[in-house]
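Below, each chain spelled out in residue letters.
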Amino acid sequence: MLLDFSQLGWWRIALCAVAGVAVVFLLAPLCLLIALSFDSSQWLQFPPPGWTLQWYREVLADPNWLNSFLTSVELGIVVTLASVFLGLLAGFALARGNFPGREMLRGFFLTPMIMPSIVLGIALYATFLRLHLAGTFLGFVLAHLVLALPFSIVAITSALEQTDKSLEDAAMLCGASLWEARVRVILPAIRHGIFSAAIFSFLTSWDEVVVAIFMASPGLQTLPVRMLGEVRQNLSPDIAVVSSLLVLGTILLMGLTALFNKDSKR
Amino acid sequence: MTLTGTVQTVPPEKRRRRSRGFAPAVPVLTFLLLCFTLPVLALLLRSVMEPHLGLQNYAALLATSTYANVLENTFVISFIVTAITTLIGLPLAWFIAVAPSRVGRFMFGIVILSMWTNLLARTYAWMVLLQDNGPINNFLIWTGIIQNPLPLYGSMAGVVIGMVYIMLPFMVISLRGPLASLDPSMFQAASLCGASRLQSFTRIFLPLLLPGLAAGGLIIFVMSLGYYITPSLLGGAQDMMLAELIAQQVQTLLNWGLAGAASFVLLVVTLTLYAVQARYLAPHGLKRS
Amino acid sequence: MSGAYLELRNLRKEFGDFVAINNISLRIQKGEFITFLGPSGSGKSTTLYAIAGFIEPNAGDVLLNGRSLVRVSPNHRDIGMVFQRYTLFPHLTVAENIAFPLRVRRRPKAEIEAKVKEMLDLVHLTPMRDRKPAQLSGGQQQRVALARALAYDPQILLMDEPLSALDKKLREDIQAEIERIHLETGVTIIYVTHDQEEALRLSDRIVLFNHGGIEQVGTGEDLYDHPVSTFTAGFIGNSNLIDVHLQSGFPHLPDGTKLYNYQPNREGAKRLMLRPEDLFLAKEGIPVQITGRTYLGDVIAYMVRTGWGQELSVRTQRQDSNLQAYVGDTVCVGFNHEKAYIIPE
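An unreviewed UniProt entry lists chain C under the name ABC transporter spermidine/putrescine permease, with Acidocella aminolytica 101 = DSM 11237 given as the organism.

The name an unreviewed UniProt entry gives chain B is ABC spermidine/putrescine permease, with Acidocella aminolytica 101 = DSM 11237 as the organism. Looking at the Sequence similarities (unreviewed entry) heading of the UniProt record, one finds this comment for chain B: "Belongs to the binding-protein-dependent transport system permease family. CysTW subfamily." In UniProt, chain B has this text filed under Subcellular location (unreviewed entry): "Cell membrane".

Written as structure tokens, this is what we have:
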């Protein structure tokens, strides 16, 4: 009854109403961002007095925005590669290894996930200051890798655990060495998990701002760090433009993921 | 052939076999120890070392009324955010689970879209929405519900709205699994037993979802405790939360000792709550019954 | 010289306190079809995995052509294996799966192509060569697994309960296929199963496992007609086991009936095995009461109780049963005394 939409009776109306309000609540800010990005008034009037592409032109011509965009992309790619590589190592140890303390190790590998990022941010800031890594690209990579790695480990380990161990055995009996079997047979078999690991790692780095504040320097700013700086100073339409582009990017990414999932189900 | 006549024994392999496959974990372990464990321990150590050895930072944190207010604020706001998120998240997740699959998938897509959208973009949108002359206040004045704009931006209400927006997807996702595992025939059985919809809801639906609600609620509560950006952008000076306090101590006051102490408090609460979750709220399948 | 193709010598494997294989020795000739039969946990799969190299024995040796395999890693053993759950590589097509072992061996392209074609022919899957495993039925997947395992002409083919995931009809088809492939290729096969019918049907010799040891090795007929133990008698086919007493070489049933089946040099308490199909209902013999009657078409199965209170199972061919009997009737059970087999243990 309660799980059959057609038999909910009055409850259905209530449920639809709450769901409708929730959808408006979830979508309104995103729609607002897009509307503001075309708003001709500089003072963010809503509803807008007119429409313009001026802010897009300004943002796209601004080398600062482009620089921080490129920084974010570079950082995200390096972090993703490192995170997937280390995630594979950890995954093989956790899913295929058999050693005392394995479960403790699994727990330890996941702790960065529950660590409040402000604590991690200042802890790394203090350490990296001493090691002269603060404000460097390497420092940024290491810091975001700490945050991204647990997601990668979770995705890859669970994919490995769902993959029949005898696939590895079968490949070895066919003449492949252990790591040859893993690369040629297991990696393609868990490509779904690797894809998730990559997406989560990239998004973690791409969207991260708290740790990034402490890793950034005036010459090295990721997109979120620059956005935070702009938001703190003034509510300029530039940010609406950047935000709108980011929403568009998210939609594209979701479409890509859906396509990949569909493909791997076949 | 005479050599193979004796029985071979392979005892040296025995010990090594017991801990097989640890090697690939070594680089990961090393990395996390160096870039995670050591920095955090060093920070916590500073809380009792600076400016000199002792618990003075902890005393200051609890005794100074400003700092104590921040602690109280943090817990109050986190609690309100968790409660509201649960109240909206449950019906939304329920709707997604039972609605015709096309509608359900569309709604879930919106939830994921909002979750994956850049945090600052979302917070920025709320900064605009919540202004005194922003769309929400304008709309309310236009309808005649209020005469003067509500003080949303720079207030606790603003912080709560912005954080509920960010946390809502987590609740929907937490409830997705538990909802999917409910058996529809259970509710048919309940109604044949004579239960009304309300009785089915309170006696079967809610109890079965309780572990999911508790898990989702706990994650949201703990995340809220350590949240920095959204409260600092949407709240006023009097709504400061713990994470902002920590950042402020480091960035403007260079008071590493107090920042370390506040971090320690945040960490202890976080880890304790997660430990409680792991012990009591683990999914049914993992519990030994 | 041992003369055996594959030899297990005093093989032993422990998992903690559990002894999975206890001092197993076995010799297998080239081209034989050997079945490892036994209940689960009897050590048959562990032995197979030790031959494959996935389990290192605590003691003992595995010799192939007189060469020890213990220190050789699985990928250098040149052994083929078909697993219980197919374990085809999901991202490769049928042809690519079969080519995989040849590719990792870096064989020339033309040779790979020819071999794949030959293997596809062998398992009758040529039309499926470009499908992915997920697009095949269970039986087809298992045939691909067979082709992949045979593609590199392995010295031995191991099969770990390869048909247990298939339904009965399909199982029989593939059993016939395996028999044919064994004949055509002459490969040495070690086949693990817990299904005695499968073992009887397929193998040249059966190795019966029990509690980590080998209970008996022999042809199906050996095991069925001359079990060395009550375990074998009970595991292969159905049997009635009757405690008898041997006096001057002649067995006596519990009710004192003397069987004219002379057993030289044996005295005292022994156990006697009578297969249900060797028993028949008769006017004379051991007096029994019918306690159950099941009509199975070609066969009528009776449960009867003897004077000493033991339940026996009797199977009579329908057309042979000149005597109709029903539950509650008192009749006699007869048998050819020559068929009464005294278990040696």
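Read on for the rest.
Below, the discussion takes up the UniProt feature "domain: ABC transporter" (unreviewed entry) in chain C. Within this numbering scheme, the UniProt entry marks residues 6–236 of chain C as carrying the feature "domain: ABC transporter" (unreviewed entry). As annotated, residues 6–236 of chain C has a helix share of 36% and a strand share of 26%, and its two end C-alpha atoms lie 25 Å apart.

Bringing the nonpolar core into the picture now. In terms of nonpolar packing, the biggest core is built from 158 residues, with A:Phe109, A:Ile118, B:Leu92, B:Phe205 and B:Ile229 touching the most fellow members. Once you skip the residues sitting within four places of it in the chain, A:Phe109 turns out to touch A:Ala90, A:Leu94, A:Pro150, A:Ile153, B:Ala25, B:Val28, B:Leu29 and B:Leu32.

Now for the interface of chain A and chain C. Listed by partner, the interface residues are 18 residues for chain A and 22 residues for chain C. Taken together, the two surfaces of chain A and chain C that pack against each other cover about 1,800 Å², and 68% of this comes from carbon and sulfur. Looking only at chain A, the three residues that lose the most surface to chain C are A:Leu173, A:Cys174 and A:Arg184, adding up to 38% of its buried area. Along the contact surface separating chain A from chain C lie 1 salt bridge. A salt bridge links A:Asp164 to C:Arg85; the shortest N-O distance between them is 3.6 Å. Our count for the contact surface shared by chain A and chain C stands at 5 residue pairs in polar contact (both at pLDDT 80 or more). Among the secondary structure elements, those contributing two or more residues to the side of chain A that touches chain C are helix 7 (165–173) and helix 8 (178–189) of chain A. When residues in the side of chain A that touches chain C are grouped by element, the largest group, 7 residues, is from helix 7 of chain A. Of the residues contributing to the side of chain A that touches chain C, the split by class is 10 nonpolar, 3 polar and 5 charged.

Attention shifts here to the pairing of strand 7 (residues 156–160) of chain C. All names here are of chain C. The buried fraction of strand 7 amounts to 5 of the 5 residues, a majority that puts the element mostly inside the structure. Because side chains alternate across strand 7, one face comprises the buried residues Ile156, Leu158 and Asp160, and the other comprises Leu157 and Met159, equally buried. Two elements, strand 6 (residues 79–82) and strand 7, share 4 bridges in a ladder whose sense is parallel. Pairing of Val82 across the sheet is with Met159, part of strand 7.

Let us now look at the domain arrangement of chain C. All names here are of chain C. Each assigned domain of chain C is listed here: domain 1 (6–231) and domain 2 (242–343). A straight line from the C-alpha centre of domain 1 to that of domain 2 covers 40 Å. Taken together, the contact pairs 8 residues of domain 1 with 6 residues of domain 2. Summing both sides of the interface, domain 1 and domain 2 together bury roughly 570 Å²; the carbon and sulfur share of this comes to 56%. Together, Tyr224, Pro227 and Thr230 form the three largest contributors to the area buried by domain 1 at its contact with domain 2, with a combined 74%.

A few words now on the UniProt feature "transmembrane region" (unreviewed entry) in chain B. Residues and elements named next belong to chain B. UniProt feature "transmembrane region" (unreviewed entry): in the numbering of this structure it lies at residues 21–45, 75–99, 106–130, 150–173, 204–229 and 253–276. As annotated, residues 106–130 comprises 88% helix and 0% strand, and the C-alpha atoms at either end are separated by 27 Å. Summarising residues 204–229: 88% helix, 0% strand, and an end-to-end C-alpha distance of 39 Å.

Attention now goes to the sheet that holds strand 12 (residues 250–252) of chain C. Residues and elements named next belong to chain C. As summarised here, the arrangement of the 4 strands in space is 12-11-13-19, forming an open sheet in which the pairing is antiparallel. Strands at the two margins of the open sheet, each flanked by one partner only, are strand 12 and strand 19 (341–343). On average, adjacent strands in this sheet sit at an angle of 50° to one another, irrespective of strand direction. For strand 13 (residues 268–274) and strand 19, the ladder comprises 3 bridges, and the chain directions are antiparallel.

Let us now look at helix 8 of chain A. The terminal C-alpha atoms of helix 8 of chain A lie 15 Å apart, and with 12 residues this matches the ideal 16 Å at 1.5 Å per residue to within 8%. Within helix 8 of chain A, the full set of buried residues consists of A:Glu180, A:Ala181, A:Arg182, A:Val185, A:Ile186 and A:Pro188. The elements touched by buried residues of helix 8 of chain A are helix 3 (63–96), helix 6 (137–162), helix 7 and helix 9 (191–207) of chain A together with helix 2 (94–104) of chain C.

Residues and elements named next belong to chain C. Across its 18 residues, helix 5 (residues 168–185) extends 26 Å between first and last C-alpha, which sits within 8% of the 26 Å expected from 1.5 Å per residue. Along helix 5, the residues classified as buried are Ile174, Gln175, Glu177, Ile178, Ile181 and His182. Viewed end-on, helix 5 has its buried residues packed into an arc of 165°, placing them on one side of the element. In this structure, helix 5 carries Lys169 and Leu183 as exposed residues pointing more than 90 degrees from its buried face. Contacts made by the buried residues of helix 5 are with strand 3 (33–37), helix 3 (109–122), helix 4 (138–150), strand 7, strand 8 (188–193) and helix 6 (196–202).

Turning our eyes to something else, we now look at the pattern of salt bridges. Residues and elements named next belong to chain A. All chains considered together, the criterion is met by 28 salt bridges over all chains. The closest approach of N and O atoms between Glu103 and Arg106, which form a salt bridge, is 3.0 Å. Taken together, the positions of Glu103 and Arg106, both in helix 4 (residues 102–114) and 3 residues apart, correspond to about one turn of that helix. What you see here is one network of salt bridges that share partners, running through Arg102, Glu103, Arg106 and Glu161.

Let's shift gears to the side chain of B:Asn118. Looking at the secondary structure, you find B:Asn118 in the loop between helix 5 (101–116) and helix 6 (119–129). Here B:Asn118 falls in the buried class, since its relative accessible area comes to 3%. Leaving out residues up to four positions away in the same chain, B:Asn118 has contacts with A:Trp206, A:Asp207, A:Pro224, A:Met227 and A:Leu246.

By the element assignment, B:Met127 lies in helix 6. Sequence separation between B:Met127 and B:Gly162 is 35 residues; the distance between their C-alpha atoms is 8.7 Å. If we skip the residues at most four places from it in the chain, B:Met127 touches A:Val231, A:Leu235, B:Tyr153, B:Leu233 and B:Leu234.

With that out of the way, let us pick up the packing of helix 5 (residues 117–130) of chain A against helix 13 (residues 256–280) of chain B. Two numbers describe how helix 5 of chain A lies on helix 13 of chain B: the axes approach to 10 Å, and their chain directions differ by 140°. In the crossing of helix 5 of chain A with helix 13 of chain B, the sense of the turn from one axis to the other is left-handed. Between helix 5 of chain A and helix 13 of chain B, the residues in contact are A:Ile118, A:Val119, A:Ile122, A:Tyr125 and A:Ala126 and B:Trp256, B:Ala259, B:Ser263, B:Leu266 and B:Leu267, respectively. Partitioning the contact of helix 5 of chain A with helix 13 of chain B into residue classes produces 9 nonpolar, 1 polar and no charged.

Right, let's get into unusual backbone geometry. The residue after B:Glu50, namely B:Pro51, is reached through a cis peptide bond having omega 0°. Looking at the secondary structure, you find B:Pro51 in the loop between helix 2 (25–49) and helix 3 (56–63). Despite not being glycine, C:Arg106 has its phi angle at roughly 55°, a positive value. Inspection of the secondary structure puts C:Arg106 in the loop between helix 2 and helix 3.

Definitions and limits used
Residues numbered from 1 in each chain as written. Chains lettered and ligands numbered in written order. Predicted model: local features only at pLDDT ≥ 70, side-chain atom pairs only at ≥ 80, totals over all residues. Heavy atoms only, no water. UniProt positions renumbered as here; feature names shortened; annotations may be inferred. Helix = DSSP H or I, 4+ residues; strand = E, 2+ residues; numbered from the N terminus. Core = buried A, V, L, I, M, F, W, Y, C linked by side-chain atoms within 4.5 Å. Buried < 20%, exposed > 50% of the residue type's maximum accessible area, 1.4 Å probe, protein only. Contact = heavy atoms within 4.5 Å. Buried area = accessible area lost by both parts, 1.4 Å probe. Salt bridge = Lys/Arg side-chain N within 4 Å of Asp/Glu carboxyl O. Polar contact = N/O pair within 3.5 Å; in protein donor to acceptor, adjacent residues only side chain to side chain. Nonpolar A, V, L, I, M, F, W, Y, C, P; charged D, E, K, R; others polar. Pairing = 2+ DSSP bridges. Domains from an automatic or database assignment. Axes fitted to C-alpha atoms, helices over the stretch in contact; angles between N-to-C directions. Expected span 1.5 Å × (residues − 1). Arc of directions from axis to C-beta. Left-handed = near helix turned anticlockwise from the far one by under 90°.

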